[in-house]
Amino acid sequence: MKFSYVSHLQCPKCDKQYNAGEKHQLCECGSPLLVNYDLESLRDILKPEDLIKRKADLWRYKELLPVQREENIVTLGEGMTPLIPMERIGAEMGIPKLHMKDEGIIPTGTFKARGAAVGVSMAKELGIPELAMPTNGNAGASWALYAARGGIKSTIVMPVDAPKITRNECAIAGANLYLVDGLISDAGKIVAQTVQNQGLFDVSTLKEPYRIEGKKTMGFEIAEQMDWKVPDVILYPTGGGVGLIGIYKALKELQTLGWIPEGKLPRLVAVQSDGCAPIVKAWQEGKKESEFWEGSETLAFGINVPKALGDFLVLESLYETNGCAIAIDDATVLEEQKRIAELEGAFVCPEGAAVFAAARRLREQNWIKEEEVVVVLNTGAGIKYPDTVDFELPTLQPGELITKTEVLIEDQE
Ligand SMILES: *Cc1c(COP(=O)(O)O)cnc(C)c1O
Ligand SMILES: [Zn+2]
């Protein structure tokens, strides 16, 4: 039995095929490439029960991942994050079967670790000594740290106002880190130039084919954790959309393997910020591609992507599953974030909070029905956003007594 059942790379736009196991970036037509597997052979060889004895990380799906030799795997133990019932906030929203897939506890604190683990492992397998990427923060942090673990050098360029914590993660990992006095699109242009001049491997979102493969494991895990029954709805905070493209791809692969039923896919929901909602706009207009969103702004910086290279794949996943796209404003995100922490003890990232708020709104509109099984993705830990939360707190002098306790308790009731 082979380690991986990867067969080839294929362009979803022009269908051109490329060999697996070679260095590729975009298709010559400019589209991202997708990884294909020999699912027909695998169907007879691998069964869901075979996974039970395997380690609880994303490499348990190795046959459906592109790395062909085990020694190339670069891992920090990522994957198999918990799928947690959210009964209290679910009851408040009128969605008793609400679950949260919590990516906040993964190495580096965001689900970007999944893409980095598989992407960096593939870079190692392909013998790539140095990679480069522009980032809004979280992706750079994950890739810099995983590259360090894999013995690969990295060059990372991020906006000066990207969160300080992600800067520190890159810097401490020994990345060649540069700040740019501009936006991620400016960082992208600088990286593209550097890549050309210095022959580095460009790991910008979707410019290499393997980040999707790492992120798709969220889809495998949700199915496995639900005993190979899929939920009715999955909501996902969408920036570049790699997670959504990945989850859709994973579910299709599981259908081909016969591990989940043919007839039903969850309705996929792309959640954006109303300060940056190109996918929502395109979906509302029934378009197949999005337009550049001018002047984008949101505190949920992970979803501040004005134009995604894979927008057509994101939109396809929404149309094909009867899903939808919805935008949430920052004030609502902050309210929801506090509500989740109060009711469930979960300190989610703003992107994750946006998704809870979207579930609440879609339930109000009756797009989500009361009895439906709903999974929300919390893509990162709230503690990676120390400056997003800001409370006025009473300060006591030594020896001073607390007089407000009773009032607080009354308030609770
Ligand atoms: C990058 C990021 C997202 C968006 O992910 P895509 O797959 O690019 O759409 C959402 N949440 C967090 C915390 C992120 O870092
Ligand atoms: Zn093509």
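Residues numbered from 1 in each chain as written. Chains lettered and ligands numbered in written order. Predicted model: local features only at pLDDT ≥ 70, side-chain atom pairs only at ≥ 80, totals over all residues. Heavy atoms only, no water.

1. Brief notes about the overall build of the protein chain
Then, in step 1: A count of helical and extended segments in the protein chain gives 13 helices and 13 strands.
Then, in step 2: The C-alpha radius of gyration computed for the protein chain amounts to 21 Å, which stays within 12% of the reference 22 Å derived for 413 residues, consistent with globular compactness.
Then, in step 3: Along the three orthogonal principal directions, the C-alpha set of the protein chain runs to about 70 × 50 × 45 Å.
Then, in step 4: When contacts within the protein chain are restricted to residue pairs at least 6 apart in sequence, those whose partners lie at least 24 apart make up 71%.
Then, in step 5: Carbon and sulfur atoms form 50% of the exposed surface of the protein chain, whose accessible area is close to 18,000 Å².
Then, in step 6: Across the protein chain, the mean location of the 44 positive side-chain charges is 5 Å away from that of the 60 negative side-chain charges. (Helix = DSSP H or I, 4+ residues; strand = E, 2+ residues; numbered from the N terminus. Rg over C-alpha atoms; globule rule 2.2 N^0.38 Å. Contact = heavy atoms within 4.5 Å. Areas by Shrake-Rupley, 256 points an atom, 1.4 Å probe, with all protein chains shown as cover. Lys, Arg positive; Asp, Glu negative; His and termini not counted. Charge placed at Lys NZ, Arg CZ, Asp CG, Glu CD.)

2. Quick word on the pattern of salt bridges
Then, in step 1: Within this structure, the stated rule accounts for 26 salt bridges.
Then, in step 2: Glu 71 is paired through a salt bridge with Arg 69; the nearest N and O atoms lie 3.8 Å apart.
Then, in step 3: The exposure class of Arg 69 is partly exposed, given its relative accessible area of 41%.
Then, in step 4: The salt bridge partner of Glu 221 is Lys 101, with a shortest N-O separation of 2.7 Å. Residue Glu 221 is found in helix α7 (residues 211–225), and its partner Lys 101 is found in strand β5 (residues 98–102); the two are separated by 120 residues along the sequence.
Then, in step 5: One continuous salt-bridge network, built from bridges that share partners, spans Glu 92, Glu 336, Lys 338, Arg 339, Glu 342 and Arg 360. (Salt bridge = Lys/Arg side-chain N within 4 Å of Asp/Glu carboxyl O. Buried < 20%, exposed > 50% of the residue type's maximum accessible area, 1.4 Å probe, protein only.)

3. What to know about the site of ligand 1
Then, in step 1: Neighbouring ligand 1 are 17 residues, the closest being Lys 112, Tyr 236, Gly 239, Gly 241 and Thr 379.
Then, in step 2: Contact between ligand 1 and Val 242: an oxygen atom at 3.1 Å from a main-chain N or O atom of the residue.
Then, in step 3: Burial of ligand 1 by the protein chains amounts to 97% of its free accessible area of 380 Å².
Then, in step 4: When the residues that make up the shell around ligand 1 are grouped by side-chain class, the tally is six nonpolar, eight polar and three charged.
Then, in step 5: Both domains that furnish three or more residues to the shell around ligand 1 are identified here as domain 1 (6–75 + 110–202) and domain 2 (83–105 + 216–382). (Near = heavy atom within 4 Å. Polar contact = N/O pair within 3.5 Å; in protein donor to acceptor, adjacent residues only side chain to side chain. Nonpolar A, V, L, I, M, F, W, Y, C, P; charged D, E, K, R; others polar. Domains from an automatic or database assignment.)

4. Remarks on the coordination of the zinc ion (ligand 2)
Then, in step 1: For the zinc ion (ligand 2), the full set of protein donor atoms is Cys 11 (SG), Cys 14 (SG), Cys 27 (SG) and Cys 29 (SG), at a range of 2.3 Å.
Then, in step 2: In primary-sequence terms, the residues that donate to the zinc ion (ligand 2) follow C-x2-C-x12-C-x1-C.
Then, in step 3: Since its relative accessible area comes to 1%, Cys 11 is described here as buried.
Then, in step 4: Note on Cys 14: relative accessible area 39%, which makes it partly exposed. (Donors = N, O, S within 2.8 Å, 3.2 Å for Na, K, Ca; no water.)

5. Section: the domain arrangement of the protein chain
Then, in step 1: You can read the domains of the protein chain as domain 1 (6–75 + 110–202) and domain 2 (83–105 + 216–382).
Then, in step 2: Computed from C-alpha atoms alone, the centre-to-centre distance between domain 1 and domain 2 is 22 Å.
Then, in step 3: Each side of the interface is counted separately: domain 1 has 28 residues, and domain 2 has 26 residues.
Then, in step 4: Contact between domain 1 and domain 2 buries roughly 2,600 Å² in total, counting both sides, with carbon and sulfur atoms accounting for 66%.
Then, in step 5: On the domain 1 side of the contact with domain 2, Tyr 61, Phe 111 and Arg 114 bury the most area, a combined 25% of that side's loss.
Then, in step 6: Linking domain 1 with domain 2 are four salt bridges, by the criterion used here.
Then, in step 7: In this structure, the salt-bridge partner of Arg 114 is Glu 103, at a minimum N-O distance of 2.6 Å.
Then, in step 8: Where domain 1 meets domain 2, there are eleven residue pairs in polar contact (both at pLDDT 80 or more).
Then, in step 9: Every element with two or more residues in the side of domain 1 that touches domain 2 is listed here: β3 (34–37) and α1 (39–45).
Then, in step 10: By residue number, the principal contributor to the side of domain 1 that touches domain 2 is α1, which donates four residues.
Then, in step 11: Taken together, the residues of the side of domain 1 that touches domain 2 break down into 17 nonpolar, five polar and six charged. (Buried area = accessible area lost by both parts, 1.4 Å probe.)

6. Digging into helix α5 (residues 164–172)
Then, in step 1: The complete set of buried residues in α5 reads Thr 166, Glu 169 and Cys 170. Along the long axis of α5, the arc covered by the buried residues comes to 95 degrees, so they all point the same way. Turned more than 90 degrees away from the buried face of α5, the exposed residues are Lys 164 and Ile 172.
Then, in step 2: Of the residues flanking the end of α5, it is Gly 174, one or two places downstream, whose phi is positive at about 85 degrees. (Arc of directions from axis to C-beta.)

7. Focus: the environment of Gly 30
Then, in step 1: Checked against the element boundaries, Gly 30 lands in the loop between β2 (17–19) and β3.
Then, in step 2: The exposure class assigned to Gly 30 is partly exposed, which follows from its relative accessible area of 37%.
Then, in step 3: Sequence-wise, Gly 30 and Leu 309 are 279 residues apart; in three dimensions their C-alpha atoms are separated by 9.2 Å.

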